[in-house]
Amino acid sequence: MSTPTPEPQRLFDLYRRLRDHFGYAPDWWPGSPFDIFVTAVLVQQCDWATAWEALGRLHESGLSSLDDLAAADEDTLADTIRPVAFHATKAERLRSLCRYVVRRHGSVANLLARNRETPVVRGELLSLPGIGEETADAMLSFAGQHPRFVVDAYARRAFMRIGGFGGDRDWWFRAPYHELHDLFYDAIRAELPRYGRCGLNSQAPGFTAALRDVHAQLTELGKHHCLKSAPRCRGQGVAGWKGYFHCVDHCRDGACTECPLWEVCETGGGAA
Ligand code: SF4
């Protein structure tokens, strides 16, 4: 299986097209570090809207802090997050994670403090039950301000379809997480001034803000146009759910006529 060649300039061009289409939201993953820490677990094998609804149910039930979750009755917690997939397992994990963070660090902010070395924090997260690489990087980047890129199925699917990077298309699906992470990380860093000139109005450092937004844009692409089956290359995308996605006005009322990458995507046909 041959590896595609990363082309930082082309990746930036794709980003620019996505950004022009979807816009920019500095708080794309909203909430406090605690909220992001919790939703990063809730969203596993589950859609964002359901995870966000479950977070709302936690807040409404008074389970709105690390200490609250650490002390919660497990059945009550499971019932509160019932809308999410595997709610009983996640309740057990969340309670145990919160107990660990309370005991060792006192707060999510302390656990993910920017002055802690990223590999050390990442290693600690990965040692905890229920936290894999994608979840760890989501916590590091969005709840902390660590420079990590979140690799997910949306990114793998989009790049397999976009093509034109050489190598085997299958590589995007089969490559180990760390290889994909490093490809995006290096390519974004190589063009960082250009990302910065797009305006990354975030409290996070510029590199982290760029890594966050490339992930955000690819997620929006996957939710609106590059669907798992029947991608909407030349048609209106799927409308967002108000309150859950920053581009709620996108793909509504005829505002959108095609995927922003159609012209440069080998699968969509524009680049053929
Ligand atoms: S043109 Fe079609 S296949 Fe290509 S990225 Fe867009 S939705 Fe996906």
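Remember, predicted model here, so these are calculated numbers, not experimental data. (Residues numbered from 1 in each chain as written. Predicted model: local features only at pLDDT ≥ 70, side-chain atom pairs only at ≥ 80, totals over all residues.)

Peer 1: What's the story with the overall build of the protein in this structure? I'm lost.
Peer 2: Along the backbone of the protein there are 14 helices and zero strands. For the protein, the C-alpha radius of gyration of 19 Å lies close to 19 Å, the compact-globule estimate for 272 residues. Overall, the protein is about 55 × 40 × 35 Å in size when its C-alpha atoms are taken along their principal axes. Counting every position in the protein, which comprises 272 residues, the buried fraction comes to 38%. (Helix = DSSP H or I, 4+ residues; strand = E, 2+ residues; numbered from the N terminus. Rg over C-alpha atoms; globule rule 2.2 N^0.38 Å. Buried ≥ 20, exposed ≤ 12 C-beta atoms within 10 Å, placed from the backbone.)

Peer 1: Mind showing me how you'd approach the environment of R99 here?
Peer 2: Structurally, R99 is set in helix α6 (residues 87–104). Sequence separation of R99 and S229 is 130 residues, and the distance between their C-alpha atoms is 40 Å.

Peer 1: What is the right way to read unusual backbone geometry from this model?
Peer 2: Leaving glycine out, the prevailing phi sign among residues is negative, and the prevailing peptide bond configuration is trans. A positive phi angle is found at F86, which is not glycine, with a value near 55°. Tracing the backbone shows F86 in the loop between α5 (74–80) and α6. A positive phi is found at A230, a non-glycine position, where the angle reads about 55°. With respect to the helices and strands, the residue A230 is situated in the segment after α14 (206–224).

Peer 1: Help me out: how do you make sense of the domain arrangement of the protein in this one?
Peer 2: One frequent convention defines the size of an interface as the accessible area lost when the parts assemble. Annotation of the protein at the domain level lists domain 1 (8–27 + 150–264) and domain 2 (33–143). For domain 1 and domain 2, the distance between their C-alpha centroids amounts to 25 Å. On the domain 2 side, the residues contacting the nine residues of domain 1 number nine residues. Sorting elements by how many residues they give to the side of domain 1 that touches domain 2 places α14 first, with three residues. Tallied by class, residues from the side of domain 1 that touches domain 2 come to six nonpolar, one polar and two charged. (Domains from an automatic or database assignment. Contact = placed C-beta atoms within 7 Å. Nonpolar A, V, L, I, M, F, W, Y, C, P; charged D, E, K, R; others polar.)

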